[in-house]
Amino acid sequence: MTNTITAPAPVPAPVYDCRQVFAEELTALAREDSRVVAVCNDSVGSSNLTGFRDEFPDRLINVGIAEQDLVGVGAGLANGGLIPFVSAAGPFLTGRALEQIKADCAYSGHKVVLCGQSPGMAYGELGPTHHSIEDLSWLRAVADLPVLVPTDREQTRAAIRWAYAAEGPCYLRIPRFKVPDVIPPGAPFAPGRAVTLREGTDVTVIAIGTLVSRALDAARELAAEGISVRVLNTPFVDPLDEETVLRAAAETGALVTVEEATLSGGLGAAVASLVSQHRPVPMRLLGVNGFAPTGDAAFLLEHFGLTAEGIRRAVHQVLAAAVV
Amino acid sequence: MLTADPAAAARYRDLRKATRDGGADETLEVLRAMSTDIRLRIVTMIDRSQLGHIGGDLSVTDILVTLFGAVLDVDPEHPHDPGRDRFILSKGHCAAALYSTLSHCGYFPDAELDTFMAPLSALNGHPNRRKVPGVETNTGPLGHGFPVAVGTALAARLRGENRRTVVVLGDGEMQEGSNWEAAMTAGHYGLTSLTAVVDRNRLQQGARTEDTKTLEPLADKWTAFGWEARRVDGHDHAQLLAAFAPSATGRPVAVIADTVKGKGVSFMEDRVEWHHKVPDQQQVHAAIEELSR
């Protein structure tokens, strides 16, 4: 640790809605390729598909409130030579149709792009039935199904383009919160490729989705305290960039993971499972523990320490553990 | 992925020519012979593997034979031709009947049937499209094939293709809610190229369907969901052929095929224990003798 310096006052970065990017990019793909169709469950508005429907009324298939049918129909559309983007609120798409995702999409190898809308605790006040925090755990357990968690506009665009071009199905979490642009243009977006957003030597914070900007904020604050933080982003939670994660464990000696998801099986569990077998180092896992109480999303993120301050605390804890 | 048996595929082309160009009597004669062959294959497979769902395999046989022998436009040597008709076996536990039919048609060599459920075999206990040509989607858990069939029929419409989609469901399977979601979607979209066949053998794994969860009045239910319902004897090839005629009502067609579980083997017929009981050697010989008559 070096001498204390005063951090410059942060300038609030402009924030953007990734759902807008989802709608724009999907519509652009539909213009380029007549095989692209959107499938939803009475979620035209909440999936931001109104513009798509207006431009391609025949190619917006609404199966009504029927998620198992939704995913099965998606698999059939793929079998019939189309490229379906199946879009629904994350908790219902993944939980209610989990077996369809496993059997009809992943195991069958039907190329369906599963788009989980309003993930994490975006529907905070509506309660745990409407929180999509288990999706990463559930879908990481399904073979042959990449799990993508884009962070900002650039990554959301990259994720949609990657999913469109991929040979098989995937799960794509569409961020709901407005977020600043934090991923540099041209950053890698491929299975097993992490993005290094900041170099550092004392500890590595691995963050995904809408929490990445908070990890960067924490890293800046910690730099002011003299702690050098490496920040990694892994837009593919599955398959993980094992090489980069293990190198970070070896070079920085401590890890913190940050996700808007349950701790039982998501990013933190994936990283812990990897490093415990190949390069054990102290870790702190930030995420959601148990069902969330009532509150809006901002409150709930604060409640679970999913803030720059919470990340800063976790870094101090893991460094203390590393010293012992 | 298994590959086609060219000689068997050639025989299948001749068979299709006979059922297409021959008179009604010849068509039925060819289909009956094919049914006998498929049933013998099923018994032999299950004897070798000591596993399988023999009762439902034998009840669905004549439905599969009518479809592959006379209705579907498919080519075993080009199983992924984009313009092919789509056949989906939603009652995936009756994989032995499907595999027997596919090998008969030349999708893969007959010898593969001997590997049914053996370690590393392509012929899982439930159909896998990544290993077996002619399988369109992986089934086994019930209530999956029908929504997928709705999706393929929707794709045909969107792409302006005339191809058909046929899905075969178990009657017990109609207790799954996802099937009624799919029925509602197909009815709403008026998917006339879609045919759903219910193998109505009235038995499920544990008991009679009507003692488990009542399905009747089944035809009324389909009609209420926007379908044209046709009820036929599911062992009568002539009635099945008529039931597979295209829809003239602008609605998808549900064929309720009344069948007998264990059909063709008298001591298995309509008996719940033959859902997945394996016959002993004496029973195998008796079954083969009876089916060969």
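Residues numbered from 1 in each chain as written. Chains lettered and ligands numbered in written order. Predicted model: local features only at pLDDT ≥ 70, side-chain atom pairs only at ≥ 80, totals over all residues. Heavy atoms only, no water.

A.B. asks: When you look at unusual backbone geometry in this model, what are you seeing that I'm missing?
C.D. replies: Most peptide bonds take the trans configuration, and most residues that are not glycine carry a negative phi. Omega for the peptide link from Asp238(A) to Pro239(A) comes to 0 degrees, which places this bond in the cis form. Among the structural elements, Pro239(A) can be located in the loop between strand E12 (236–238) and helix H9 (242–252). One non-glycine residue with positive phi stands out, namely Leu120(B), at about 70 degrees. With respect to the secondary-structure elements, Leu120(B) resides in the loop between helix H4 (95–105) and helix H5 (145–159). With phi around 60 degrees, Asp270(B) is a residue other than glycine that occupies positive phi space. Summarising the element assignment, Asp270(B) is placed in the loop between strand E5 (253–258) and helix H10 (281–292). (Helix = DSSP H or I, 4+ residues; strand = E, 2+ residues; numbered from the N terminus.)

A.B. asks: Could you clarify how one ought to interpret the pattern of salt bridges in this entry?
C.D. replies: Opposite charge on two side chains permits pairing when their charged atoms draw close. Applying the stated rule across the entire model yields 40 salt bridges over all chains. Here Arg53(A) and Asp54(A) are joined by a salt bridge, their closest N and O atoms 3.8 Å apart. When its relative accessible area of 35% is taken as the criterion, Arg53(A) is described as partly exposed. The class for Asp54(A) is exposed, based on a relative accessible area of 55%. For Asp270(B), the salt bridge identified is with Arg208(B), shortest N-O distance 3.1 Å. Of this pair, Asp270(B) sits in the loop between E5 and H10 while Arg208(B) sits in the loop between strand E3 (194–200) and helix H7 (209–212), and the two are 62 residues apart along the sequence. Classification of Asp270(B) by relative accessible area gives partly exposed; the value is 37%. Beyond isolated ion pairs, a larger network of salt bridges with shared partners links Asp171(B), Arg200(B), Arg202(B), Glu210(B), Glu216(B), Arg231(B) and Asp258(B). (Salt bridge = Lys/Arg side-chain N within 4 Å of Asp/Glu carboxyl O. Buried < 20%, exposed > 50% of the residue type's maximum accessible area, 1.4 Å probe, protein only.)

A.B. asks: When you look at the UniProt feature "domain: Transketolase N-terminal" (unreviewed entry) in chain B in this model, what are you seeing that I'm missing?
C.D. replies: The UniProt record marks residues 35–279 of chain B with the feature "domain: Transketolase N-terminal" (unreviewed entry), using the residue numbering of this structure. Between the end C-alpha atoms of residues 35–279 of chain B the distance is 20 Å, and the span holds 37% helix and 12% strand. (UniProt positions renumbered as here; feature names shortened; annotations may be inferred.)

A.B. asks: I tried to follow the interface of chain A and chain B on my own but got confused; where do I start?
C.D. replies: Put simply, an interface is often sized by how much accessible area is lost when its parts join up. Listed per partner, the contact involves 31 residues of chain A and 27 residues of chain B. Viewed at the interface, chain B and chain A are joined by one salt bridge. For Arg130(B), the salt bridge identified is with Asp144(A), shortest N-O distance 3.0 Å. For the side of chain A that touches chain B, the secondary structure elements donating two or more residues are strand E3 (60–62), helix H3 (67–79) and helix H5 (98–107) of chain A. In terms of residue count, the dominant contributor to the side of chain A that touches chain B is H3(A) (nine residues). Split by residue class, the side of chain A that touches chain B holds twelve nonpolar, eleven polar and eight charged. (Contact = heavy atoms within 4.5 Å. Nonpolar A, V, L, I, M, F, W, Y, C, P; charged D, E, K, R; others polar.)

A.B. asks: What should I look at first to understand the confidence of the model for chain B in this one?
C.D. replies: Reading predicted coordinates in detail is not appropriate for stretches of low pLDDT. With 100% of its residues at a pLDDT of at least 70, chain B reaches an overall mean of 97. Both confidence scores are given for the complex: pTM 0.95, ipTM 0.96. (pLDDT = per-residue confidence, 0-100.)

A.B. asks: I keep staring at the side chain of Ser49(B) and nothing clicks. Help me out?
C.D. replies: Note that Ser49(B) resides in helix H2 (residues 24–49). One polar contact links the side chain of Ser49(B) to the main-chain carbonyl oxygen of Leu51(B), over a distance of 2.8 Å. (Polar contact = N/O pair within 3.5 Å; in protein donor to acceptor, adjacent residues only side chain to side chain.)

A.B. asks: What should I look at first to understand the sheet that holds strand E4 (residues 228–233) of chain B in this one?
C.D. replies: Backbone-to-backbone hydrogen bonds join strands into a sheet, with any given pair of strands oriented parallel or antiparallel. Residues and elements named next belong to chain B. Reading across the sheet, the five strands line up as E1-E2-E3-E5-E4 and stay open at both edges, with parallel pairing between neighbours. The strands lining the two open edges of the sheet, one partner per strand, are strand E1 (86–89) and E4. Each adjacent strand pair in this sheet contributes to an overall mean axis angle of 20 degrees, direction not counted. By the bridge criterion, six bridges tie E4 to E5 in an arrangement that is parallel. (Pairing = 2+ DSSP bridges. Axes fitted to C-alpha atoms, helices over the stretch in contact; angles between N-to-C directions.)

A.B. asks: How should I be thinking about the packing of H9(A) against helix H10 (residues 267–278) of chain A in this particular structure?
C.D. replies: Axis angle and axis distance: for two packed helices, these are the angle between their axes and the distance between the axes, and together they describe the pair. All names here are of chain A. Interhelical geometry of H9 versus H10 gives an angle of 65 degrees and a closest axis separation of 10 Å. In this structure, the crossing between H9 and H10 has a hand that is right-handed. Taking contact as the criterion, the partners of Glu242, Val245, Leu246 and Ala249 in H9 are, on H10, Val271, Leu274, Val275 and His278. Residue classes in the contact of H9 with H10 are distributed as six nonpolar, one polar and one charged. (Left-handed = near helix turned anticlockwise from the far one by under 90°.)

A.B. asks: What is the right way to read the nonpolar core from this model?
C.D. replies: In globular proteins that are soluble, nonpolar side chains generally tend to be buried together. All names here are of chain B. Phe146 and Trp222 are the most contacted members of the largest nonpolar core, which has 70 residues in total. With seven residues, H5 is the single largest residue contributor to this core. Apart from residues no more than four positions distant in its own chain, Trp222 is found in contact with Phe146, Leu169, Met174, Trp180, Ala183, Ala196, Val198, Trp227, Ala229, Ala254 and Ile256. Grouped together as the second largest cluster of nonpolar side chains are 54 residues, Tyr12, Ala96, Tyr107 and Val284 included. (Core = buried A, V, L, I, M, F, W, Y, C linked by side-chain atoms within 4.5 Å.)

A.B. asks: I keep staring at the sheet that holds strand E5 (residues 113–117) of chain A and nothing clicks. Help me out?
C.D. replies: Residues and elements named next belong to chain A. Taking strand neighbours across the sheet as the criterion, the seven strands line up as E3-E2-E4-E5-E7-E6-E12 in an open arrangement whose pairing is mixed. Each of the sheet's edge strands pairs with one partner strand only, and the pair in question is E3 and E12. The pairing of strand E2 (residues 36–40) with strand E4 (residues 83–89) spans five bridges and is parallel. From the neighbouring strand, Val36 faces E4, where its bridge partner is Ile83.

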